[in-house]
Amino acid sequence: MSEKVNCPFCGNIVDSDAYKCKSCGSLFADPELPNLKFKDFAVFVALLVLTFGLFGIIWLFINIKAINKLVINPKDSMKFNTLLAISILDICAYMFCLAYSQVTNLVPLLTVFQCIIFMAITYRVLRIIQKYTQQRYDVVLEYNPYYIVFFNILYLIHFIDTYTNRVLQIHEHFNPKSPQIILLVIILIILQFFLCWNTNVHHFYKWLFSL
């Protein structure tokens with residue numbers, strides 16, 4: 001049994017280990033996602049550039065334990081870990097295809113599949129954070145599904161970097177059916193798939209890893 005104390009804001013009785021007063025809704029400390037590393041957006045982008053885009057998957061493995069500790073529903077942990085395993089298999093298949101010219105026609109398909117996997121991972125981690133926040137701080141966070149599709153891991157890091165403000169001041173209000181949003185979606189889909197099929201991008205990675 002936790003001890004009972006008075007809320008410093010309204011004076012009502014609360015548990016000593018509570019994060020939020022049920023009476024006045026005040027938080028007793030700034031909300032945070034503990035133990036996550038490299039969650040500063042600027043630092044992440046710099047490392048992403050320096051590693052030619054590879055730091056995205058590296059970041060996930062660095063923080064796999066911290067993310068799993070946020071899990072409320074064990075099924076979310078299983079789904080997250082499964083997606084990571086699939087991502088690694090796809091990367092291995094991509095490197096294999098780059099090394100053997102007779103199967104390079106599969107490279108664009110593997111790239112598209114990796115993009116889809118990153119979207120799924122981003123969504124899963126955001127859902128984990130959403131459930132964690134709702135249980136601990138009694139706040140339901142919103143996230144933008146379009147940003148998940150087009151920016152995936154970048155959006156996830158930005159979401160984490162601004163987590164405290166998101167909990168204290170809920171935002172992310174948008175109209176997904178507006179003509180401007182629909183046009184932006186179409187343009188970004190075309191751009192993303194063009195990059196996946198651009199052979200110069202894959203030749204660069206082949207040169208980078210000397211395959």
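Residues numbered from 1 in each chain as written. Predicted model: local features only at pLDDT ≥ 70, side-chain atom pairs only at ≥ 80, totals over all residues. Heavy atoms only, no water.

### Observations regarding the overall build of the chain
Summing up its helical and strand segments, the chain has nine helices and two strands in all. For the chain, with 211 residues in total, the buried portion stands at 36%. The contacts in the chain between residues at least 6 apart in sequence include a share of 61% that link residues at least 24 apart. (Helix = DSSP H or I, 4+ residues; strand = E, 2+ residues; numbered from the N terminus. Buried < 20%, exposed > 50% of the residue type's maximum accessible area, 1.4 Å probe, protein only. Contact = heavy atoms within 4.5 Å.)

### Regarding the pattern of salt bridges
Should their charged atoms come close, side chains of opposite charge can pair. Tallied over the entire structure, the rule returns two salt bridges. The salt bridge partner of Asp-76 is Arg-124, with a shortest N-O separation of 2.8 Å. Here Asp-76 is found in helix 4 (residues 74-99), whereas its partner Arg-124 is found in helix 5 (residues 107-137), with 48 residues between them in sequence. For Asp-76, a relative accessible area of 2% corresponds to the buried category. (Salt bridge = Lys/Arg side-chain N within 4 Å of Asp/Glu carboxyl O.)

### Overview of the packing of helix 2 (residues 55-62) against helix 6 (residues 145-161)
Geometrically, a packed helix pair is captured by the angle between its two axes and the distance between the axes. Contact geometry for helix 2 and helix 6: axes closest at 10 Å, N-to-C directions at 50°. Our classification of the angle between helix 2 and helix 6 gives oblique. In the crossing of helix 2 with helix 6, the sense of the turn from one axis to the other is left-handed. Residue-level contacts link Gly-56, Trp-59 and Leu-60 of helix 2 to Ile-153, Leu-156, Ile-157 and Ile-160 of helix 6. (Axes fitted to C-alpha atoms, helices over the stretch in contact; angles between N-to-C directions. Parallel < 35°, antiparallel > 145°, perpendicular 65-115°, else oblique. Left-handed = near helix turned anticlockwise from the far one by under 90°.)

### Comments concerning the side chain of Ser-87
Looking at where Ser-87 falls in the secondary structure, it is placed in helix 4. Here Ser-87 is in contact with Ile-57, Gln-114, Ile-117 and Ile-121, once residues within four sequence places are set aside.

### Topic: the side chain of Arg-166
Following the sequence through the fold, Arg-166 ends up in helix 7 (residues 163-168). A distance of 3.5 Å separates a polar side-chain atom of Arg-166 from the backbone oxygen of Phe-159. (Polar contact = N/O pair within 3.5 Å; in protein donor to acceptor, adjacent residues only side chain to side chain.)

### Description of the packing of helix 1 (residues 41-50) against helix 2
Running from N to C, helix 1 and helix 2 cross one another at 125°; their axes reach a closest spacing of 9 Å. By the criterion of interaxial angle, the relationship of helix 1 to helix 2 is oblique. Counted together, Phe-44, Leu-47 and Leu-48 of helix 1 and Phe-55, Gly-56 and Trp-59 of helix 2 form the full contact between these two elements.

### What about helix 2?
Every α-helical turn comprises 3.6 residues, leaving residues that sit three or four positions apart pointing alike. For helix 2, the complete set of buried residues consists of Phe-55, Gly-56, Ile-57, Trp-59 and Leu-60. Close packing links the buried residues of helix 2 with helix 1, helix 3 (64-69), helix 4, helix 5 and helix 6.

### So, the environment of Cys-97
With respect to the helices and strands, the residue Cys-97 is situated in helix 4. Under the relative-accessibility criterion, Cys-97 is labelled buried at 4%. Cys-97 sits ten residues away from Val-107 along the chain, and the two C-alpha atoms are 6.3 Å apart.

### Remarks on the nonpolar core
Ranked by internal contacts, the top residues of the largest apolar core, which has 36 residues, are Trp-59, Leu-60 and Ile-129. For this core, the secondary structure elements donating two or more residues are helix 1, helix 2, helix 3, helix 4, helix 5, helix 6 and helix 7. In terms of residues, this core owes the most to one element, helix 5, which gives nine residues. Apart from the residues lying within four places of it in its own chain, the contact partners of Ile-129 are Leu-33, Leu-70, Leu-141, Leu-156, Phe-159, Ile-160 and Tyr-163. Counting five residues, the second largest nonpolar core, distinct from the first, contains Cys-97, Leu-98, Val-107 and Leu-110. (Core = buried A, V, L, I, M, F, W, Y, C linked by side-chain atoms within 4.5 Å.)

### What to know about helix 1
Its side-chain oxygen at 3.1 Å from the backbone nitrogen of Ala-42, Asp-40 defines the N-terminal cap of helix 1. Of the residues one or two after helix 1, Phe-52 is the one with positive phi, at around 55°.

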